[in-house]
Each structure stands twice: as C-alpha cells, then as structure tokens.
Amino acid sequence: MLKPTHHPLQFFFARFIRSRAIHRHYHRRSMLETLGGTAHERQVQAEHAQVLRQAAVSPPQTVLDSLHTTDQGLGAPQADRVRTQVGGNDIEQEKPLPWWLLLWHCYRTPFDLLLSLLALISFLTGDLRATTVIGAMVCLSVSLRFFQEIKSHRAADQLKALVSNKAMVLRPGQGPQDIPVHDLVPGDVISLSAGDMIPADCRIVQAKDLFVAQAAMTGESLPVEKFAHDADAHLRSPMDLDNIVFMGTNVVSGTAHAVVVATGQRSYFGDLAMRLTQTDRAPTQFQAGVNKVAWLLIRFMTVMVPLVLLVNGLTKGNWVEAALFALSIAVGLTPEMLPMIVTSTLAKGAVRLSQQKVVVKRLDAIQNFGAMDVLCTDKTGTLTQDKIVLARHTDVWGQSSRDVLEYAYLNSYYQTGLKNMLDVAVLDQVQLHHDLEVATAYAKVDEVPFDFQRRRMSVVVIEHDRRHLLICKGALEEVMKACTQVRRDGQDLPLTPELLADIQHITHSLNEEGLRVVAVAIKESDTSQTRYSVADESDLILVGYVAFLDPPKDTTAAALHSLHEQGVSVMVLTGDNEWVTRKVCHDVGLPIVGLLNGADIQDMSDAQLAAALPSHNVFAKLTPDHKERVVRQLRASGHVVGFMGDGINDAPALRAADIGISVDTAVDIAKEAADIILLEKSLMVLSLGVKQGRRTFANMLKYIKMTASSNFGNVLSVLVASAVLPFLPMLPMHLLVQNLLYDISQIGIPFDNVDANQIATPQKWNPQDLGRFMLFFGPISSIFDLTTFALMWWVFGANAPEKQTLFQSGWFVVGLLTQTLVVHMVRTQYIPFVQSRASTPLIVMTVCIMLVGLFLPMGPLAAYFKLQALPAAYFPYLGLILLGYVTLTQLMKRFYTRRFGWQ
C-alpha cells in the first residue's frame, strides 16, 4: 500500500470536503466554520490531541468499539455511510490566486491608487500629456510585479508533482483490499509494512518489529519504534505516544494493523494544513514599512497641495490656473516611480538569487531577507544532512578501537535481515571491506536474527577455518544482559558492579554528546557447533561501542558564522531531543545561551515566553505549535524573523515568519508555506541572500530619500514664490516635464552600487527617520531656489508677467540639475565620485537628463514647452549655484551622520 512514485507526501494535497464524525469526538461541526484566530486554532489542536490521547491510553478493543468497527475492519456499505457523514480523507491546499486577483494585489498599493486618481483628474481637466505619463508609470510598475510573481509561482509549481496513492484496508470476509486514500474513514483497519506511507492518524492494534520514520513531523533523525500496548496516560505531547502513527510519516521496517482514528482535516497533519490555508498571512515587515512610508508622504501631500492652491488662488485670482498648478504639485510630490523602483529592484534581486539556484516565490521576501535580524532554523535536514553516519568506534572505555569497528562491520555485512540506517552507516566503511578481505578470509556459519524483544542480533563467522566467532550487536542494555566479561587492554575481566557503573557513565557521556550508542560483544566457540540460537547469546565479552549521529552539512558552520557577522542572530527550533541538539550546535559553532524544552514552553503564557526568548537561543522537543508561538513572539517583540525548515512540523512557523525558507527536498506543505526555496544543499546562499536583500533595501531607500527631500524643498520654494511673485514661478507643464525627467534619471537606481556599511547590519523601514531627513535636506534646495529667484529677478530683470518665461526657464534648469545632482549626493554618506562611485547606468542616466534639461530651453523645442533661451551670463551663475548646493549638502551630510547616523 501507498508505495509513492515521487515525493512521499504529495498525495496529501487534494480538495477538502467538510464533514461530521461518527462518534462523540466527531459529532460537533468544526468550529473553524464560525471562529478564527490563534486562540481558536489552539483549541482545535487541543481537541485533536485529546482524541489521539484517548485512543492511545485505551485498550485496542475499546478503541475499535468506540469506532463501531472490529479487528477485521468496516464493511464496504458501513464505510460508505461513514464517508457520507465525515467526508473524504483530503487535505485542504492553498489554492493559487486567479490571474485577475493577483493583478489586483499587484496594483492596490497606496501610490498606484493615488497615481490612478491623479491620472483621472488630469484626464478630466484635459491634460492628456500628464494622463499619459502617469498612466504609463502605473502600467509599467504593475506589469513588472505581476509578471515576476507569475514567473515565481510557475517555478515553485515545477517543484511539485501530484501522484495518486492507495491504502490497503481490511474488509470482513474479503481480506485486504487496495482503496484510494481519499476513501479512508475513521474505523477502517489498515495493513502496514515496510515502505508504506501512513495515510491517516491511526492507533496500532497489532505490531511486529514496527519502526516508523517521523523526521518530517518531529525532526527526529532516527526511526521510532511503535507498539500495540496502551500508552502512558501522563504523556503530554501526541508525538510521544508510541502506539499512534501519524499521517505523513512512513514505515521503515516491520508490519502492523492499525485502526484509523482521524482523517483529513481532523488529522494532526490536516490541522497544520488547515491553519495555513484558512488564515491570512500577517503583513511582513517590508509590507508594513512601505505602507507607513507611503502614508507619511501622502499626508504631507494632503497638507501642502491645498496650501499651494490657496496661496496661488488668493494672490493671482485665477482659481482654474491655481488648481492646475496645485495638481502638478501633487504629481510632483508623489513618488510615482516608487512602485516601479521597488518592483524592478526586487525583480533584479530575484534574478541574482536565481543564479544561485534560489526560487523566490514572493518578491517582498527579498527585502525581508535583508531586514532579517533573527533566523530560526530547524535542525534535521536543514543544519544537518538528514543522514546517519558512523561517528565513533571505541572500546569499552571510550578509546578509539579498530577491532570494534571490524566486529561491527562483520556483523552488519553477514546479517541477512533488513539492514537499517545504522548498518548502512557501518557498511559505508568501504576501505575496511578490502582490509579485512571479507570475501576470502571469512565465512558465515549462522546468525541469530534481530527481534524487538531482544533488540540485538548476532552472526557467527569463521576465519581461515579457525574457531567460530559470535558477534553480537544491539541496544546497550540488551547486549549487557548477555555479557559476563569486559575486554580491557586485551584482557577479559569479570563484569563487576563497579565496572558496570563505569560503563554506564561512559555511555551516558556519549549520549550527552548526541550520539546513539550500539554495543558490540563477542564469544568464541569451537567449530563443532553448526547451528546457533538465542540461547547462545550468553557469557559474551563486551568489547566496545559504535556510535552514530546525523552530521551537520559542510556549509552550516561557515553560513552561521557569516550570518553572525552580518548581525543576524540564529535560533535552533527542533523537535529532536536536547542532547542531540546540543551536539549539533557544538559541531556548527553555535554557542548555546540557553535551552528550553517544549514541555517548558507548553506551560508558559505568551508574555512569559516573550520574556524568556532573549535569554534562550536553542529550543528542543518542540511541537509545530511551539515553533509557531516562538516565531510570533519574536515578531511581536519587533524582530524581523526568518524561519528555515523542511518538515511538516515546520509549516506553521514558515507561514508565521516574515520570510519562510525551505529546500527543494522539503515536504510539499513546507514548500507551500515558504517564500524562498533553496535548490542546493549549501547554506552559504543564506548569507548571499541577506546581502542581496540589504542591497535591494538600500537602493529603494535612496530613491525615497532623494524624492522626499527634493520634493519638500521644491514645495517650500513654490510657496514662497507664489506669495511674492506676480506670476506662477513655473507652469504646470514645466513641473510635469521636470518631474518626468527626474524620474527617468532614477531608472538606474536598481543597478546602483551600495556602500559596504549599508549592508553590514539589518535594515528596516523608519518613517520617523525619513521625516527628519526631509526636514534637514529639503530646505537646502530651497536656499538655492530662492537664490535663483533673486538672480532672475534682479540680475536678469525677469520681474514682470511679460518676462515670466525667462524666469521660469532659469528656475526650470536649476531645479532639474539640483534634483539630478541630489541623486549622487544622497545615495551615499561619503563624498560622491571620490569615496563612493555610482554604477555606470546611474551615472549615464543622470548625465543624459542634465543635458536634456539644458537642451530644452536652448533648443528648437523651447517654444513648444513655453521656455526660452537663457543668456550666456546665466551659466557662470549656474555653475556657482550648483557648486554651492553640492558643498552645503556634503556639509549637512557630515553633521547629520554624526548626529543621527546614516541608514
């Protein structure tokens, strides 16, 4: 049954049918139909856990009776009736947005909506040029984001392939039958064997040597043994119940019959999936930050635009002209290129990450990568290889011993049963096979197979026709029961209580290092005996141990060190036990500040957990709910949190984090919840992703700073000029053209270089800092605007309405050139072109725009734009104004950096 042809969890994604249950646990409709929120999710999860605990502590026959079934299962008609009540065994999957809804999500940013409103007003007032310019900006921004999102979703979908699966159920009088997993209902009795996937949450009723891999659910590297006996009523976590098997796990060895207790959304896995698909994701730090900045600028505009309208209307008396001018100011104040700059910068980051074999499912995740200051990570399969290897082979006293390795190798090589992961790890010592000359020097005589009562197995070999050698390997306590002697320095000593205490101390030390210890013992006998049995496993000599672990990935230590240098704190959140977790943290160089177990977290309120988080960085024996709570509390404390995981138990935390990171070998539900998927095993891409995210943020912030400060200065200049001049300081057309040319000069920002100090630490949106920046740098441009007004009024005589074109042309050139220069001044805290050089595309764009700004009043298009040629004497003054502007801005940067720092 359930022999998956592709990924073992792919069958869980199908449509979900709401249902009712057949006994007291299922009579109530799921409260998710009427309630929502974290408190309710916990209540539902607690109800699911109570169902499983009740089944676990009850005798098998009681469980069967409560489900109105027998050890031979339900009849087909009865199963059909139950299915009518409870629905199919399906898991709800997050459905992709239809294209039109995705397009709306890409469009509904505050700036795009505001620009659309301004375009509509421009159209109604007959200003088709402004309508075309603004509309083009909106279309370009939205289309870039839309097509990048479509591309990312397609790339992620290629990582999944749905397959059909069947389960083997018992039917009274008909024997085992294969039926679709969808058709399973509570009360069905299923047959399980090695390689099968568990299709629902089940209670074991019969088991023989059953081992189940739960790594995807709990994070435990090694398979867990399952039994049919009643569970301990004091166990608190459902994952600790050793007679319950969970949907999404798989059978490693052994056979069993199990009764289905919970299906579909009522299973443990189904609860996780439902929590992911029925709750909207909280806004990430990036989304919240962009919205705060947007509303800050919009509030500023709603104050300044009416003020400009009133001043011009009252002083000039032409309210229609004043309204058009105020509308132009509104367009100028709106950073209309921000959506396009943000989208193109994020898209460029996605392209760079794709070159590192990283799939970006959500563009916003790139900036969150850079803002991340805490990375929470699972252990198994993320920090570690999810592969058992032989770590040590020691004598009884913990010293390395090749003899012990040779004995263990012969035992694993000659056994004929199913070789488990530990045997495979021993047999990976290929060179040893050659050194021992196994094929010619040894011959197998007999074996005593493994069973789960003895928890050990023995093989008997003969070397060069000498005496027989029985080699026993298994669980320490079981092998010790068969031992009467201990080998020390080539001598066999009686196993005294004192030696036994020493052995227990040594093996306990190995366990504390996160190692799984297997004992090795031997016994020699003469060659007359040809058949061996369990009775011969007596009077053995303990010779040592072989110890195993799941080793870290080669790149883990370097990646964690790099993240630490970048200001990112790393926390380990795992379902594995404390000792294994401590060992992995030690091996990867992660100091343990404090360690909390899941049982501790279970007893904490959210406030207590939040208070404990700063003094702990490692968390063990966690359930999925524990992981999600830790992530949510970190975010509530103001951190930008990333979570990296690949298992079913990681999906809620992936969803709750600002940025969810998974790998291509992860289960489907983890990839579904993730924002970024790593296609290679190397974790160094995390460090590259952080750097790319910070570059992206820095370039977005440059545009906002440039636009906000220069626009603020321009509005101040306009207010002063409008109050004292008998004509408009600049026509609406001039403002729109100037704004368009300035925005075009910003196109190179996504490709700009970023100073090292800007990617050294996590970056966050700070609207307060932006407001302060506007107040400090905006008035600088106003100083030189007023200087230009004085120059045009008194030096060049442009002091009457009939000479307003000369005045407007002079300010048009100064305004455009200072706005363009501010690109280079504000992009860095250092001296531009000397200590920090912009990228070639940005330099080329700004130079071109400055030349266009000079050409328009001096060239043949001047009359069309209602400009006029400037006298030659104007240009020396222009050079002095620009020099003064650059100098004063640089001095202000030094003062501002010393006082407030430079983000």
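Here, every reference points to the structure presented above.
Since the structure is predicted, the reported quantities are computational estimates derived from the model, not experimental observations. (Residues numbered from 1 in each chain as written. Predicted model: local features only at pLDDT ≥ 70, side-chain atom pairs only at ≥ 80, totals over all residues. Heavy atoms only, no water.)

If you tally the helices and strands in the protein chain, you get 31 helices and 23 strands. Looking at the protein chain as a whole, 57% of its 903 residues are labelled buried. On the protein chain, roughly 36400 Å² of surface is accessible, and the fraction owed to carbon and sulfur atoms is 59%. (Helix = DSSP H or I, 4+ residues; strand = E, 2+ residues; numbered from the N terminus. Buried < 20%, exposed > 50% of the residue type's maximum accessible area, 1.4 Å probe, protein only. Areas by Shrake-Rupley, 256 points an atom, 1.4 Å probe, with all protein chains shown as cover.)

Okay, the environment of T249 next. Within the element layout of this structure, T249 appears in the loop between β6 (244–245) and β7 (250–262). Taking relative accessible area as the criterion, T249 reaches 2% and is therefore assigned buried. Linking T249 and I648, residues 399 residues apart in sequence, is a C-alpha distance of 9.5 Å. The residues touching T249, leaving out its near neighbours within four places in the chain, are D196, M197, I198, V212, A213, Q214 and M217. In terms of polar contacts, T249 uses its side chain to reach the backbone carbonyl oxygen of F246, at 2.7 Å. (Contact = heavy atoms within 4.5 Å. Polar contact = N/O pair within 3.5 Å; in protein donor to acceptor, adjacent residues only side chain to side chain.)

What follows concerns the sheet that holds strand β19 (residues 595–597). If you walk across this open sheet you meet the eight strands as β8-β23-β22-β21-β9-β18-β20-β19, and the pairing is mixed. Bordering the open sheet on either side are β8 (358–360) and β19, each of which pairs with just one other strand. Adjacent strand axes in the sheet meet at a mean angle of 20 degrees when their direction is disregarded. Of the pairings in the sheet, the one linking strand β22 (residues 659–663) to strand β23 (residues 676–678) comprises three bridges and is parallel in character. Within β23, the residue paired with S662 across the bridge is I677. (Pairing = 2+ DSSP bridges. Axes fitted to C-alpha atoms, helices over the stretch in contact; angles between N-to-C directions.)

With that settled, the discussion passes to a nonpolar patch on the surface. A contiguous nonpolar surface patch, about 600 Å² in accessible area, is contributed by L117, L120, I121, F123, L124 and L128. Ranked by residues supplied to the nonpolar patch, first place goes to helix α5 (residues 110–124) with five residues. Summarising the element assignment, I121 is placed in helix α5. Among the residues examined, I121 registers a relative accessible area of 34% and is labelled partly exposed. (Patch = residues over 30% accessible without salt bridge, like charges linked within 9 Å, V, L, I, M, F, W, Y side chains within 5 Å. Salt bridge = Lys/Arg side-chain N within 4 Å of Asp/Glu carboxyl O.)

The next subject is the packing of helix α27 (residues 732–745) against helix α30 (residues 840–858). Viewed as axis vectors pointing N to C, α27 and α30 meet at an angle of 160 degrees, and their least axial separation amounts to 8 Å. Relative to α30, the element α27 is oriented roughly antiparallel. The chirality of how α27 crosses α30 is right-handed. The segment α27 lies against α30, with V737, L741, I744 and S745 engaging L842, M845, T846, I849, V852 and L856. A class-by-class count of the residues in the contact of α27 with α30 yields eight nonpolar, two polar and no charged. (Parallel < 35°, antiparallel > 145°, perpendicular 65-115°, else oblique. Left-handed = near helix turned anticlockwise from the far one by under 90°. Nonpolar A, V, L, I, M, F, W, Y, C, P; charged D, E, K, R; others polar.)

With that settled, the discussion passes to the environment of V630. Tracing the sequence through the fold places V630 in helix α23 (residues 624–636). Judged by relative accessible area, V630 falls into the buried class, the value being 0%. It is 8.7 Å that separates the C-alpha atoms of V630 and L573, two residues lying 57 residues apart in sequence. If sequence neighbours within four positions are ignored, V630 has contacts with L573, I601, L609 and L613.

Here the focus is the packing of helix α26 (residues 684–724) against α27. Viewed as axis vectors pointing N to C, α26 and α27 meet at an angle of 160 degrees, and their least axial separation amounts to 12 Å. By the angle between their directions, the pair α26 and α27 is classed as roughly antiparallel. For the crossing formed where α26 meets α27, the hand is right-handed. Residues Y703, M706, T707, S710 and N714 of α26 form the contact with α27, whose participating residues are Q738, Y742 and D743. A class-by-class count of the residues in the contact of α26 with α27 yields three nonpolar, four polar and one charged.

Both strand β14 (residues 483–488) and strand β15 (residues 491–494) contribute to a ladder of four bridges, which runs antiparallel. Bridging from a neighbouring strand, R487 pairs with D492 of β15. Where β14 folds back on β15, the antiparallel hairpin that results is connected by two residues, among which D489 adopts a positive phi of roughly 50 degrees.

Locating T382 in the fold gives a position in the loop between β9 (374–377) and β10 (389–395). The class for T382 is buried, based on a relative accessible area of 1%. A distance of 2.4 Å separates a polar atom in the side chain of T382 from the backbone oxygen of D378. The contact partners of T382, leaving out residues within four places of it in the chain, are T377, K553, T556, M644, G645, D646 and L683.

With the rule as written, the count across this model stands at 22 aromatic pairs. Relative to F900, the ring of F776 has its centre 5.4 Å away and its plane inclined at 70 degrees; by these criteria the two rings are edge-to-face. Of this pair, F776 sits in helix α28 (residues 767–795) while F900 sits in helix α31 (residues 874–900); the two residues are 124 residues apart in sequence, bridging distant segments of the chain. Judged by relative accessible area, which is 30%, F900 ranks as partly exposed. Plain terms: the ring middles of Y874 and F875 are 5.4 Å apart, the flat faces sit at 85 degrees to each other, and that makes the pair edge-to-face. (Phe/Tyr/Trp six-rings, centres within 6.5 Å; stacked < 30°, edge-to-face > 60°.)

A few words now on the pairing of strand β4 (residues 201–213). Pairing of β4 with β7, which is carried by ten bridges, proceeds in the antiparallel orientation. Each bridged residue has a counterpart across the sheet, and for V212 the counterpart in β7 is V251. Of the strand pairs in this sheet, β4 and β6 are connected by two bridges, and their pairing is antiparallel. Residue pairing in the sheet places R203 in a bridge with I244 of β6. Pairing of β4 with strand β5 (residues 224–226) involves three bridges; the strand directions are antiparallel. Bridging across to β5, L210 finds its partner in K226.

This paragraph deals with the environment of D188. Inspection of the secondary structure assignment puts D188 in the loop between β2 (175–180) and β3 (189–192). Exposure remark for D188: the relative accessible area of 0% places this residue in the buried category. Distance in space between the C-alpha atoms of D188 and V260 is 5.4 Å, their sequence separation being 72 residues. Those residues in contact with D188 that sit more than four places away from it in its chain are L74, A79, R171, D183, A258, V259 and V260. Side chain to side chain, D188 and R171 meet in a polar contact 2.8 Å long.

This brings us to the pattern of salt bridges. Under the defined criterion, the tally for this structure stands at 25 salt bridges. With its nearest N and O atoms 3.3 Å apart, the salt bridge here joins K627 to D378. Separated by 249 residues along the polypeptide, K627 in helix α23 and D378 in the loop between β9 and β10 bring together distant segments of the chain. Under the relative-accessibility criterion, K627 is labelled buried at 0%. Of the charged contacts, one joins E578 and R582 as a salt bridge, the two residues approaching to 3.0 Å between their closest N and O atoms. Taken together, the residues E578 and R582, both in helix α20 (residues 578–587) and four residues apart, mark about one turn of the helix. On the basis of relative accessible area, R582 is assigned to the partly exposed category, the value being 31%. One continuous salt-bridge network, built from bridges that share partners, spans D80, R83 and D183.

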